[in-house]
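Structural overview
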Amino acid sequence: MKKLGFGLMRLPITEEGNPKSIDQELVNKMVDYYLKQGFAYFDTAYPYHQGTSEVATKKALVERYPREAFTLANKMPTFLVTKPEDYPRFFAEQMDRCGVDYFDYYLLHALDANGYANTVKYGGFDFMQKLKAEGKIKQAGFSFHDKAEVLDKILTEHPEMEFVQLQINYVDWESELIESRLCYEVALKHNKPVIVMEPVKGGSLAIVPEEAEQLFKSYHPDQSAASWAVRYVASLENVFMVLSGMSDLEQVVDNVSYMQDFKPLNDEERAIITKVTDVIYNNIAIPCTACQYCVDGCPTNIPIPKYFSLYNNQNQFRLSITHLNLYKNLNQEYGKASDCIECRQCEEHCPQHIEIVDRLKEVSGVFEV
């Protein structure tokens, strides 16, 4: 298969603010163009567009093309499962919504430490193997949003999982929160093929600072900023699919143009992306270097650098459900930003002289609403 996958999570809509108002006619045109160019991989999920993405998928694909003409991936909503009986119930509903009798790729959706524990508790991995034995799914895997050590634990304890879907992009590659590189290296260690999600970071890397844009244009005047982001992850060894959540026909045409005859990044292009990453990080809101001096002795165990990194990330690339979930995950192990008692010993230790107490209030205002 060609490496560009069509993510059906940011489809065009007819009513602003209403994700259920999918523009089916336009989606059909986007799908037609994508398939005509020789691409075939589609990715949907139970909660996308508030439950209507799967139905739109059925209308655009299943009702208009033979089943062998496309590859379809779907995901079990593990975060909605509260008992073993939920697995067959959700799966049957997904089969009906999509109008198929099997999925080519099927994933346990958005596993993290808690989601993994619940999936084990309710028998999710056994259910996946049952589906595969019955021919209802061809490949079993999971998408992942947590630290590399958690991923290593899952793959060690469940080697039967055949692939992983990871958030990877050039900004998150060395992120202490996302750990894109570390998670990718864990997948390599376990010899698991990788599907990449969020290569353009929810569309954020399609519009970069002007200085970064000029760096891109100086080398490829006619290529979009998004193309650099997608090619960056597609160039990684062991990545067999890169998902792009396409919202209009222009995005489909653009993505297809440079992925039709995909060429991995060369050394000069990699150097440019390194410079662009520096430009983006130089535009951060809080100049924290994550030296950790501030956290020693914090009476409420607040992971100040981690919260500042998350705040900078959402500030530059827009607040998303991913940001909120990451904050909630941190809250399970550490104090919240609002737990600060304003003792200010952290400020005494900060080499960057950051007004940490005030900044934590900003963090709390964003993530604890």
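Here, the structure is the one placed above.
First things first, this report covers the structure right here in the doc. (Residues numbered from 1 in each chain as written. Predicted model: local features only at pLDDT ≥ 70, side-chain atom pairs only at ≥ 80, totals over all residues. Heavy atoms only, no water.)

**A few points about the environment of D104**
With respect to the element layout, D104 can be found in strand β4 (residues 103-111). D104 gets classed as buried once you look at its relative accessible area, which sits at 13%. If sequence neighbours within four positions are ignored, D104 has contacts with R67, F70, T71, L72, K138 and Q139. A distance of 2.8 Å separates a polar atom in the side chain of D104 from a polar atom in the side chain of R67. (Helix = DSSP H or I, 4+ residues; strand = E, 2+ residues; numbered from the N terminus. Buried < 20%, exposed > 50% of the residue type's maximum accessible area, 1.4 Å probe, protein only. Contact = heavy atoms within 4.5 Å. Polar contact = N/O pair within 3.5 Å; in protein donor to acceptor, adjacent residues only side chain to side chain.)

**A word on the packing of helix α1 (residues 24-36) against helix α10 (residues 249-259)**
Relative orientation of the contacting elements α1 and α10 amounts to 10°, with a least axis distance of 9 Å. Between α1 and α10, the angle falls in the class roughly parallel. Contacts from L26, K29, M30, Y33 and Y34 of α1 reach α10 at L249, V252, V253 and V256. Along the lines of polarity and charge, the residues of the contact of α1 with α10 split into eight nonpolar, no polar and one charged. (Axes fitted to C-alpha atoms, helices over the stretch in contact; angles between N-to-C directions. Parallel < 35°, antiparallel > 145°, perpendicular 65-115°, else oblique. Nonpolar A, V, L, I, M, F, W, Y, C, P; charged D, E, K, R; others polar.)

**Some remarks on α1**
Its 13 residues place the ends of α1 18 Å apart at the C-alpha level, agreeing with the 18 Å of an ideal helix rising 1.5 Å per residue. Where α1 is concerned, the buried positions are Q24, V27, N28, M30, V31, Y34 and L35. Buried residues of α1 fall within an arc of 165° about the axis and therefore sit on the same side. In α1, those exposed residues whose orientation departs by more than 90 degrees from the buried face are E25 and K36. (Expected span 1.5 Å × (residues − 1). Arc of directions from axis to C-beta.)

**Here we look at the packing of helix α13 (residues 321-331) against helix α15 (residues 356-367)**
For any two helices packed against each other, one specifies the inter-axial angle together with the distance between the axes. It is at 11 Å that the axes of α13 and α15 come closest, and there the two elements cross at 120°. Crossing geometry of α13 relative to α15 is assigned as left-handed. Seen from α13, the contacting residues are H323, L324 and Y327; seen from α15, they are V363, V366 and F367. Class assignment of the residues belonging to the contact of α13 with α15 gives a composition of five nonpolar, one polar and no charged. (Left-handed = near helix turned anticlockwise from the far one by under 90°.)

**As for the layout of surface pockets**
Rolled over the atoms, a probe as big as a water molecule pinpoints where empty space is left. Its boundaries defined by the atoms lining it, the second largest pocket holds a volume of some 430 Å³. Contributing to the lining of the second largest pocket are 23 residues, with Y281, I284, C288, S309 and N312 lying nearest its centre. Those elements that place two or more of their residues in the lining of the second largest pocket are α11 (267-281), α12 (304-317) and α13. For the lining of the second largest pocket, the leading source of residues is α12, giving eight residues. Taken together, the residues that form the lining of the second largest pocket break down as 14 nonpolar, seven polar and two charged. (1 Å grid on protein atoms, 1.4 Å probe; cavity = no way out; pocket = protein on both sides within 12 Å on 5 of 7 lines; lining within 4 Å. Points joined across faces, edges and corners; volume = space filled by probe spheres on them.)

**Quick notes on the packing of aromatic side chains**
For the coordinates displayed, the defined rule picks out 22 aromatic pairs. Residues W173 and Y232 carry aromatic rings whose centres are separated by 6.2 Å and whose planes lie at 85° to one another, so their mutual orientation is edge-to-face. One end of the pair, W173, is in the loop between β6 (163-167) and α7 (180-189); the other, Y232, is in helix α9 (residues 225-234), and 59 residues separate them in sequence. Taking relative accessible area as the criterion, W173 reaches 15% and is therefore assigned buried. By relative accessible area, Y232 is classed as buried at 10%. Between F216 and W228 the ring centres are 4.5 Å apart and the planes differ by 20°, which places this aromatic pair in the stacked class. Taken together, the positions of F216 in helix α8 (residues 210-219) and W228 in helix α9 put the pair 12 residues apart, joining distant regions of the chain. F216 sits in the buried class, given a relative accessible area of 1%. The buried category is assigned to W228, whose relative accessible area is 0%. Among the aromatic residues, ring-to-ring pairing joins Y87, F91, F103, Y106 and F127 into one connected group. A cation over a ring is seen here: K2 above F39, with NZ or CZ 5.6 Å from the ring centre. (Phe/Tyr/Trp six-rings, centres within 6.5 Å; stacked < 30°, edge-to-face > 60°. Lys NZ or Arg CZ within 6 Å of the ring centre and 35° of its normal.)

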